[in-house]
Amino acid sequence: MSWTENGVDRHAEWRSESGAPPPRRVVLADDGMNADTAYRLACEGTALLWRGDFQNARQLLQALARRIDRRPAAKKRAADFPEAFHLHRQARAQRARALGMLLIPFDAGHVVPLRRAPDVAQACRDVYGDAGRPYVASLRELLGVVGARQWREKGVEIAALGARIYPHYGVYSPVRGEYLELVARAPLPGPAGRDVDVAFDIGTGTGVVAALLARRGVRRVVATDQDPRALACARENLDRLGLLDQVRLERVDLFPPGQAQLVVCNPPWVPARATAPVEYAVYDPDSRMLRGFLGGLAAHLADGGEGWLILSDLAEHLRLRTRDELLQWIEAAGLAVAGKLDTRPVHGKAADPDDPLHAARVKEVTSLWRLRRRDSAA
């Protein structure tokens, strides 16, 4: 990115994990800029390269967020889903763009050359790797990077596992434990739920489902993902749990070669486009992963085996996908439903009437669908 400072043209590398392009217009900002001016410039698409105190920059970002969130809501011309969902996503994207206009400079080695700046080098190395030269990134992204490092150090307690899982930046944190409880109590295929030699965990993420299966006695789990960050995260978690001898990690889109007695997949639940890496675990354009899993499942199931599809029906309440479509995809894939376990979400948004999607969230049910090949279904 480029800007002019003291009459001199300046340049620096631009970094954005969300894929945002470098800003076209950049002005310098410091402790003398008030929040109203910063808000106007950010909404116009002008980036603010900070030269003042770091902690003041954080306060300014909070002030910008308050102004954005106080803007009068759009008239409820789309009170029903799916229009309300699309308007909500549009508003969130606009909010992210405006807040992303407050920029922080970095020297080589991920050093922030501002007064009262914290040491963020390790958190930035986790995400960006080494930095041999100066660069610029948004303060909002930096705070997300630092927050991810804190989660990575603290971990998330998983009741169904009796242990903690440590998510990495860009890898979805398993904070919604209700679906993991379904994995922990669903009956394993085979005689009395015993002697499962091989299971596949499709889209392993943090590795939490693979760990649950291994702890339940599955002799060998093949966990796949196409994201290198997810595989590194899963490897670290499985190593902490002493389960790497039972779990093999493979970088592949969906299925590994061969067949298994149990194939588990927790695909993104909402068919929409992700706008940031961490959203890849939530949004699945055109239900690509869901349809790919269902379409390939029969060929990868051993005789008498089961596929476990872990899926919320939130998309149905948002009117982005129907139950009939899901059942048609199951049937077209040569599969039959052998059973279904349901649970309701317990996260905070499900009980928040001010959430824009509350009308859908309050009806949400998360299910574990037990699927078998139709030619072998009981």
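Predicted model only: the values in this text are computed from it and were never measured.

Trainee: Pulling in residues and values, what's your account of the overall build of the protein chain?
Mentor: Across its full length, the protein chain carries 12 helices and 16 strands. Oriented by its inertia axes, the alpha-carbon framework of the protein chain measures out at about 75 × 50 × 30 Å. Counting the 378 residues in the protein chain, one finds 51% classified as buried. Put simply, the protein chain shows about 18300 Å² of open surface, and 48% of that area lies on carbon and sulfur atoms. Side-chain charges of the protein chain comprise 54 positive and 47 negative groups, with the mean position of each set lying 3 Å from the other.

Trainee: Run through the environment of Asp324, naming residues and quoting values.
Mentor: Within the secondary structure, Asp324 sits in helix α11 (residues 323-332). Separated by 22 residues in the primary sequence, Asp324 and Val346 have C-alpha atoms spaced 26 Å apart.

Trainee: Any details on the nonpolar core? Residues and values, ideally.
Mentor: Ile202, Leu213, Val263, Phe293, Leu294, Trp308 and Leu309 are the most contacted members of the largest nonpolar core, which totals 73 residues. Residues Leu48, Leu64, Val120 and Ala137 belong to the second largest nonpolar core, which totals 36 residues.

Trainee: Residue-level account of helix α6 (residues 178-185), with values.
Mentor: Within α6, burial applies to Glu178, Tyr179, Leu180, Leu182 and Val183. Against the buried residues of α6 lie β8 (156-158), α7 (208-215), β14 (301-312), β15 (335-343) and β16 (366-373).

Trainee: Describe in detail the sheet that holds strand β3 (residues 13-14), supporting the description with residues and values.
Mentor: Strand order across the open sheet formed by 5 strands is β3-β7-β6-β5-β4, with mixed pairing between neighbours. The open sheet terminates on both sides in strands that have one partner only, identified here as β3 and β4 (25-29). On the sheet, helix α1 (residues 35-44) packs against β4 and β5 (46-50) and is oriented at approximately 130° with respect to β5.

Trainee: Give me the lowdown on the pattern of salt bridges, citing residues and values where you can.
Mentor: Enumeration according to the criterion identifies 29 salt bridges in this entry. As a salt-bridge pair, Arg219 and Asp197 come within 2.4 Å of each other at their nearest N and O atoms. Residue Arg219 is located in the loop between α7 and β11 (220-225), and its partner Asp197 is located in the loop between α6 and β10 (198-202); the two are separated by 22 residues in the primary sequence. Take Arg219: its relative accessible area is 46%, and that puts it in the partly exposed class.

Trainee: Describe the sheet that holds strand β13 (residues 260-265), and please don't skip the residues or the numbers.
Mentor: Here 7 strands make up an open sheet; going across it, the order is β12-β11-β10-β13-β14-β16-β15 and the pairing mixed. A strand with exactly one partner marks an edge of an open sheet, and here the two such strands are β12 (247-251) and β15. Strand-to-strand twist across the sheet, computed as the mean angle between neighbouring axes with direction ignored, equals 20°. As judged from the 5 bridges shared by β11 and β12, these two strands associate in the parallel manner. What sits directly across from Thr224, in β12, is Glu250. Against the sheet, α7 makes contact with β10, β11, β12, β13 and β14, and its axis sits at roughly 175° relative to β11, the strand it touches most.

Trainee: Any chance you could break down α1 for me, citing the residues and the numbers?
Mentor: Among the residues of α1, those classed as buried are Ala35, Ala38, Tyr39, Leu41 and Ala42. Contacts from the buried residues of α1 go to β4, β5, α2 (54-70) and α3 (83-99). Here α1 starts with a cap whose side-chain oxygen sits 3.2 Å from the backbone nitrogen of Asp36, and that cap is Asn34. Note on α1: the residue one or two positions beyond its end, Gly45, has a positive phi of about 90°.

Trainee: Any details on the side chain of Asp284? Residues and values, ideally.
Mentor: Its location among the elements puts Asp284 in the loop between β13 and α9 (288-300). Beyond its immediate chain neighbours, meaning those up to four positions away, Asp284 contacts Pro268, Val270, Pro271, Ala272, Met289 and Leu290.

Trainee: Hey, could you go over the packing of aromatic side chains for me, with residue numbers and the actual values?
Mentor: In this structure the tally under the stated criterion is 4 aromatic pairs. Their ring planes at 85° and their centres at 6.2 Å tell us that Tyr179 and Trp269 sit as a pair that is edge-to-face. Remark: Trp269 occurs in the loop between β13 and α9 and Tyr179 occurs in helix α6; sequence separation between them is 90 residues. We classify Tyr179 as buried; its relative accessible area is 6%.

Trainee: Hey, could you go over the pairing of β5 for me, with residue numbers and the actual values?
Mentor: Burial analysis of β5 places 5 of its 5 residues in the buried class, the great majority of the element. Residues of β5 alternate between two faces, with Thr46, Leu48 and Trp50 on one and Ala47 and Leu49 on the opposite face, all of them buried. Where β4 lies against β5, 5 bridges are found, and the strand directions are parallel. Bridging across to β5, Leu28 finds its partner in Leu49. With α1 bridging β4 and its parallel neighbour β5, the resulting β-α-β unit is right-handed. Across 2 bridges, β5 lies against strand β6 (residues 102-106) in parallel orientation. Of the residues in β6, the one forming a bridge with Leu49 is Leu103.

Trainee: So, the side chain of Ser138: which residues are in play, and what are the values?
Mentor: One can find Ser138 in strand β7 (residues 135-138). Other than its neighbours up to four places away in sequence, Ser138 contacts Trp14, Gly100, Leu102 and Leu103.

Trainee: An account of the packing of α2 against helix α5 (residues 139-154) is needed here, citing residue identities and associated values.
Mentor: Between α2 and α5, the least distance of the axes is 11 Å, while the angle of their chain directions is 105°. Taken together, the axes of α2 and α5 are roughly perpendicular relative to one another. Of the residues in α5, those in contact with Phe54, Ala57, Arg58 and Leu61 of α2 are Leu139, Arg140, Leu142 and Leu143.

About the cut-offs
- Residues numbered from 1 in each chain as written.
- Predicted model: local features only at pLDDT ≥ 70, side-chain atom pairs only at ≥ 80, totals over all residues.
- Heavy atoms only, no water.
- Helix = DSSP H or I, 4+ residues; strand = E, 2+ residues; numbered from the N terminus.
- Buried < 20%, exposed > 50% of the residue type's maximum accessible area, 1.4 Å probe, protein only.
- Areas by Shrake-Rupley, 256 points an atom, 1.4 Å probe, with all protein chains shown as cover.
- Lys, Arg positive; Asp, Glu negative; His and termini not counted.
- Charge placed at Lys NZ, Arg CZ, Asp CG, Glu CD.
- Core = buried A, V, L, I, M, F, W, Y, C linked by side-chain atoms within 4.5 Å.
- Contact = heavy atoms within 4.5 Å.
- Pairing = 2+ DSSP bridges.
- Axes fitted to C-alpha atoms, helices over the stretch in contact; angles between N-to-C directions.
- Salt bridge = Lys/Arg side-chain N within 4 Å of Asp/Glu carboxyl O.
- Polar contact = N/O pair within 3.5 Å; in protein donor to acceptor, adjacent residues only side chain to side chain.
- Phe/Tyr/Trp six-rings, centres within 6.5 Å; stacked < 30°, edge-to-face > 60°.
- Right-handed = clockwise from strand over helix to strand, strands pointing away.
- Parallel < 35°, antiparallel > 145°, perpendicular 65-115°, else oblique.

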